[in-house]
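Each chain is listed here by its residues.
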Amino acid sequence: MIEITRRHFFRDCGYGLGKAALASLLVGNARGAEPVRAVDPLAPKEPHFPGKAKAVIHLFMTGAPSQLDLFDYKPALAKLEGKPLPPEVIKGQRYAFIRPDAAVLGPQFKFAKHGKCGAELSEMLPHLAKTVDDVCFLKAVHTDQFNHAPAQIFFNTGFSQPGRPSIGSWAVYALGCATKELPAFVVMSTGAGISGGAANWSSGFLPTIYTGTRFRNQGDPILNVSSPAGFDAALQKDTLDLVAEMNKKRLGAVGDPEIATRTAAYEMAGRLQTAAPELTDLRKEPKKVLDLYGADPDKPSFARACLLARRMVERGVRFITIYHEGWDAHSDVVGNLRNNCKATDQASAALVADLKRKGLLDSTLIVWGGEFGRTPMVESNPVLGRSLGRDHHPQAFTIWMAGGGIKPGATLGKTDELGFHPAEGGVHVHDVQATILNQLGFDHEKLTYRHAGRDFRLTDVFGHVIKDAIA
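This model, assessed by the stated rule, comprises 14 aromatic pairs. Ring geometry for Tyr173 and Tyr210: centres 5.7 Å apart, planes at 75°, overall edge-to-face. Of the two residues, Tyr173 sits in helix α6 (residues 167-175) while Tyr210 sits in the loop between β5 (185-189) and β6 (213-214), which places them 37 residues apart along the sequence. By relative accessible area, Tyr210 is classed as buried at 5%. Ring centres of Phe205 and Tyr449 lie 6.0 Å apart, and the angle between their planes is 20°; this geometry places the pair in the stacked category.

In structure tokens form, the structure reads like this:
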């Protein structure tokens with residue numbers, strides 16, 4: 001007698017089960033089963049609660065500005081200049097390029113208090129000094145990363161390695177788009193390159209429709225936005241209509257959401273051919289506005305990008321990130337700051353003032369800052385040709401925020417007398433991310449996406465809203 005086991009059953013019946021399943025699917029289609037319909041992935045959505053901000057402009061100073069020479073004046077460093085920091089301050093900290101016992105470098109510029117709020121700023125920020133009563137300074141921010149690419153990706157995605165959705169992608173996934181003429185998430189770069197690359201504005205495991213759209217500094221803002229010679233509007237419309245119809249049929253057959261993404265991308269591309277050139281033509285802006293920003297309408301610059309960001313907000317773009325690379329002052333921190341502040345200070349302050357003039361500051365959140373700060377100690381390396389610079393410092397740095405329901409004229413947090421560690425009111429990068437989402441109307445713990453068997457979120461399992469920063 002042969003013993004029959006479950007293994008025999010599945011061996012003998014496996015093919016039959018597969019055929020039964022296939023027959024069920026075929027019968028369902030024959031009976032007129034409901035086809036998969038295209039859903040607009042960028043349709044406007046309701047937030048968890050009414051958000052103060054409807055748009056975000058992130059001015060990302062890649063390379064990391066020196067907070068000790070711009071925002072966080074420490075006279076104790078001047079007294080210790082040329083001497084090493086006390087060993088109990090260092091406590092085995094790691095650095096990218098210098099030894100922990102490197103000599104102290106004091107503040108390199110004069111500081112003064114400004115505005116009714118009395119915010120203390122370096123002489124390198126004369127334009128921001130006129131706007132401090134509309135700004136909230138966070139002076140004790142810290143991060144987990146001390147090298148550029150991981151720290152940039154961490155600030156933008158909440159994780160130090162590529163593959164997670166960026167904060168702009170999360171915002172568009174959650175809120176949808178307020179315009180059909182322009183991308184919901186736009187990225188611009190005005191410096192010498194971005195260490196973290198496209199991972200900073202990637203949609204990660206979210207559908208690719210939520211990836212940031214990179215605008216170019218010269219020529220067409222987006223490659224191929226202009227039609228080739230001999231390709232008229234009627235032919236283009238016929239082509240797009242045919243592609244859309246084929247994609248619609250394919251979506252109904254297989255239900256792949258990336259097909260809807262492609263369809264939306266084709267439709268957006270068609271609309272961009274009219275909207276993008278109009279957006280980027282700054283010659284119609286009044287001269288007083290161009291002068292406010294210090295922008296030449298035909299010359300790529302940080303100022304031009306900031307003015308474009310304001311125009312995008314007016315037209316319903318949801319999230320804009322402007323990367324200005326070049327703050328990595330391993331040598332000549334004085335020259336580095338002079339050049340970068342000359343390029344960015346006027347336009348950054350003008351963006352705040354111009355949005356306020358337009359009645360858009362209350363609904364637009366501006367975030368300014370880099371991926372980490374710079375050390376109180378000097379970097380000097382004759383082999384690499386470096387002198388009078390500052391190394392990477394993740395323990396404490398300064399960012400500022402304005403508009404979008406953020407408390408104006410406030411300075412929050414404080415570092416120790418050497419500017420090394422947070423002394424009070426310290427906040428983590430995850431807290432900044434949670435606060436940005438909060439101002440858009442989202443609980444960062446509930447804004448999730450199911451992927452690979454778990455619910456992911458921007459802040460992972462960390463982060464708290466910075467309640468003292470909210471008006």
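Having seen the model, we can carry on.
With that settled, the discussion passes to the confidence of the model for the chain. Confidence in the prediction of the chain, expressed as mean pLDDT, is 88, and 86% of residues score 70 or more. Residue range residues 20-33 is modelled with pLDDT below 50. Its contacts to residues more than four positions away, or to other chains, number one contact.

Turning next to the environment of Ser380. In this fold, Ser380 is placed in strand β9 (residues 373-381). Ser380 sits ten residues away from Arg390 along the chain, and the two C-alpha atoms are 8.5 Å apart.

The next point concerns α6. In terms of burial, α6 is largely enclosed, as eight of its nine residues are buried. Within α6, the full set of buried residues consists of Ile167, Gly168, Ser169, Trp170, Ala171, Val172, Ala174 and Leu175. Lining the buried residues of α6 we find α5 (148-157), β5, β7 (319-323), α12 (429-440), β16 (449-451) and β17 (454-456). Two residues or fewer past α6, Gly176 is found with a positive phi of approximately 75°.

With that settled, consider the pairing of strand β8 (residues 364-369). Counting buried residues along β8, six of its six residues qualify, which places the element largely inside the surrounding structure. Taking every second residue as pointing to the same face, both faces of β8 are buried, with Thr364, Ile366 and Trp368 on one and Leu365, Val367 and Gly369 on the other. Relative to β8, strand β1 (residues 55-60) is paired through six bridges, and the arrangement is parallel. Looking at β8, one finds that Val56 is bridged to Leu365. Across three bridges, the pairing between β8 and strand β11 (residues 397-402) is antiparallel. Across the sheet, Ile366 pairs through a bridge with Ala402, a residue of β11.

What follows covers empty space enclosed by the protein. Counted under the stated rule, the structure contains three cavities of 30 Å³ or more. Around the largest cavity sit Phe71, Leu125, Leu128, Trp327, Cys341, Thr344, Asp345, Ser348, Trp368 and Trp400, which together line it. The biggest single contributor to the lining of the largest cavity is helix α11 (residues 333-357), with four residues. Classifying every residue of the lining of the largest cavity by side-chain character gives seven nonpolar, two polar and one charged.

The rules we used
- Residues numbered from 1 in each chain as written.
- Predicted model: local features only at pLDDT ≥ 70, side-chain atom pairs only at ≥ 80, totals over all residues.
- Heavy atoms only, no water.
- Phe/Tyr/Trp six-rings, centres within 6.5 Å; stacked < 30°, edge-to-face > 60°.
- Helix = DSSP H or I, 4+ residues; strand = E, 2+ residues; numbered from the N terminus.
- Buried < 20%, exposed > 50% of the residue type's maximum accessible area, 1.4 Å probe, protein only.
- pLDDT = per-residue confidence, 0-100.
- Contact = heavy atoms within 4.5 Å.
- Pairing = 2+ DSSP bridges.
- 1 Å grid on protein atoms, 1.4 Å probe; cavity = no way out; pocket = protein on both sides within 12 Å on 5 of 7 lines; lining within 4 Å.
- Points joined across faces, edges and corners; volume = space filled by probe spheres on them.
- Nonpolar A, V, L, I, M, F, W, Y, C, P; charged D, E, K, R; others polar.

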